[in-house]
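Here is what each chain is made of, one letter per residue.
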Amino acid sequence: MEPFSLSEGQFEIVYNSFSFAIAAMGASLLFFLLKRTELPVPYRGAVTLSALVVGIALYHYLRIFESWESAFTLVDGRYVMDGTFNEGYRYVDWLLTVPLLLAELVLVLRLSKGRTRSLITRLTIAAVLMIATGYPGEIADPDSFTRTFWGVVSTVPFVYILWVLFAELQSVIRTQPEESRPWFDGLRWLLLATWGVYPLAYLAPQVIDDAATAEVIRQVGYSVADVLAKPVFGLMILAIAFMKARRAGALEAQPDDVAALTDDDPRVGSIAG
Ligand code: RET
């Protein structure tokens, strides 16, 4: 069998998509850290999680980039894979960041403690199951039953997460301040559109005959989806946090007061506000 190889262009598209992800994660990490200090304390939680998410992703993309470079050798104008590219970094990254992203969405809603805990617990369990069962399929042979089997198993918790976000949270979103409602709708659509890319990218090696093309689509697909699902999602969360804090009058307070604001301060607003 021919060793797996990529043209220079194919190798570089993937290389550049990793480089783009590193820049996006690094810049958004800095931005979230700086911006969160402008928010009153009770509104910072979700933005702190955004910073953690992009920080974790920055580290993993640096490792992914390095792993990609060392897995190939340029021979007669083609990049021949003579090492291993570690797909594990992505899955460890998702295992940590997917529950955090879901927690971000729940936290910015500012629901009662009981409801928050119940949602975060159920979404975390589903997210961990989705990623942990996807991994054995990801590293299996493209044409194997194993790949299809784990892909289907992983889709079950995936559908559950979407059900919670679209059906269960529908009534909660109606209780949110009027001006933030379109943002919550936007967030859920961004989530659906970007999270939908992952199972499609996973399918690429099964539906595309040319292994090199499938690999490029899979890697670029995952990288672009990660930038939309982490930094862009985080920016929307930040906008909502500012909108809610402003509505509660908490942003107009003096800086010293702002740092001292607690959850039950009237300027912070009601539970839903
Ligand atoms: C897998 C395996 C095949 C079936 C499904 C999958 C879903 C993966 C998802 C990943 C989301 C990752 C995110 C990362 C961002 O930081 C595991 C590919 C359904 C939805 C949001």
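The structure we're discussing is the one just above.
Residues numbered from 1 in each chain as written. Predicted model: local features only at pLDDT ≥ 70, side-chain atom pairs only at ≥ 80, totals over all residues. Heavy atoms only, no water.

1. Structural notes on the nonpolar core
Of all hydrophobic cores here, the largest spans 73 residues; its most connected members are Ile161 and Trp195. By residue number, the principal contributor to this core is helix α9 (residues 211–247), which donates 14 residues. For Ile161, the contacting residues outside a window of four places in its chain are Leu102, Leu123, Ala126, Ala127, Met130 and Trp195. (Core = buried A, V, L, I, M, F, W, Y, C linked by side-chain atoms within 4.5 Å. Buried < 20%, exposed > 50% of the residue type's maximum accessible area, 1.4 Å probe, protein only. Helix = DSSP H or I, 4+ residues; strand = E, 2+ residues; numbered from the N terminus. Contact = heavy atoms within 4.5 Å.)

2. A short note on a negative patch on the surface
A cluster of acidic residues, Asp141, Asp143, Asp209 and Asp210, forms a negative patch at the surface. Examined against the element boundaries, Asp210 turns out to sit in the loop between α8 (197–207) and α9. (Patch = residues over 30% accessible without salt bridge, like charges linked within 9 Å, V, L, I, M, F, W, Y side chains within 5 Å. Areas by Shrake-Rupley, 256 points an atom, 1.4 Å probe, with all protein chains shown as cover. Salt bridge = Lys/Arg side-chain N within 4 Å of Asp/Glu carboxyl O. Lys, Arg positive; Asp, Glu negative; His and termini not counted. Charge placed at Lys NZ, Arg CZ, Asp CG, Glu CD.)

3. So, unusual backbone geometry
A positive phi is found at Asp76, a non-glycine position, where the angle reads about 45°. Note on placement: Asp76 falls in the loop between β2 (72–75) and β3 (78–81). A positive phi angle, close to 50°, is found at Arg110, a residue other than glycine. Within the fold, Arg110 resides in the loop between α3 (88–109) and α4 (113–138).

4. What about the pattern of salt bridges?
Applying the stated criterion across every chain, the model contains 13 salt bridges. A salt bridge links Arg188 to Asp185, with the shortest nitrogen-to-oxygen separation between them at 3.3 Å. Here the residue Arg188 and the residue Asp185 both occupy positions in helix α7 (residues 181–195), the gap between them amounting to three residues, near one helical turn. By relative accessible area, which is 5% here, Arg188 ends up buried. Since its relative accessible area comes to 31%, Asp185 is described here as partly exposed. Several salt bridges share partner residues, and in doing so they unite Glu87, Arg90, Asp93, Glu138, Arg147, Glu215, Arg218, Asp226 and Lys230 into one network.

5. Here's the deal with the site of the ligand
Near the ligand there are 19 residues, and of these Val98, Ser154, Trp195, Tyr198 and Lys230 occur at the shortest range. A distance of 2.8 Å separates an oxygen atom of the ligand from a polar atom in the side chain of Lys230. For the ligand, whose free accessible area comes to 530 Å², the fraction covered by protein is 99%. Of all elements in the fold, only α3, α4, α5 (145–168), α8 and α9 reach the threshold of two or more residues within the shell around the ligand. A per-element tally of the shell around the ligand places α3 first, with five residues. Looking at the shell around the ligand, its residues break down into 12 nonpolar, five polar and two charged. (Near = heavy atom within 4 Å. Polar contact = N/O pair within 3.5 Å; in protein donor to acceptor, adjacent residues only side chain to side chain. Nonpolar A, V, L, I, M, F, W, Y, C, P; charged D, E, K, R; others polar.)

6. Things to note about the sheet that holds β2
Strand order across the open sheet formed by three strands is β1-β3-β2, with antiparallel pairing between neighbours. Every interior strand has two partners, whereas the edge strands, β1 (5–7) and β2, have only one. This sheet shows a mean twist of 30° between the axes of neighbouring strands, independent of strand direction. Of the strands in this sheet, β1, β2 and β3 touch helix α1 (residues 8–36), which is tilted by about 90° from β1. Across the sheet, helix α2 (residues 44–71) touches β1, β2 and β3, and the angle it forms with β2 is around 40°. (Pairing = 2+ DSSP bridges. Axes fitted to C-alpha atoms, helices over the stretch in contact; angles between N-to-C directions.)

7. A short note on the packing of α1 against α9
Interhelical geometry of α1 versus α9 gives an angle of 15° and a closest axis separation of 9 Å. As judged from the angle between their axes, α1 and α9 are roughly parallel. Of the two elements, α1 crosses α9, and the hand of that crossing is left-handed. Along the lines of polarity and charge, the residues of the contact of α1 with α9 split into 17 nonpolar, seven polar and three charged. (Parallel < 35°, antiparallel > 145°, perpendicular 65-115°, else oblique. Left-handed = near helix turned anticlockwise from the far one by under 90°.)

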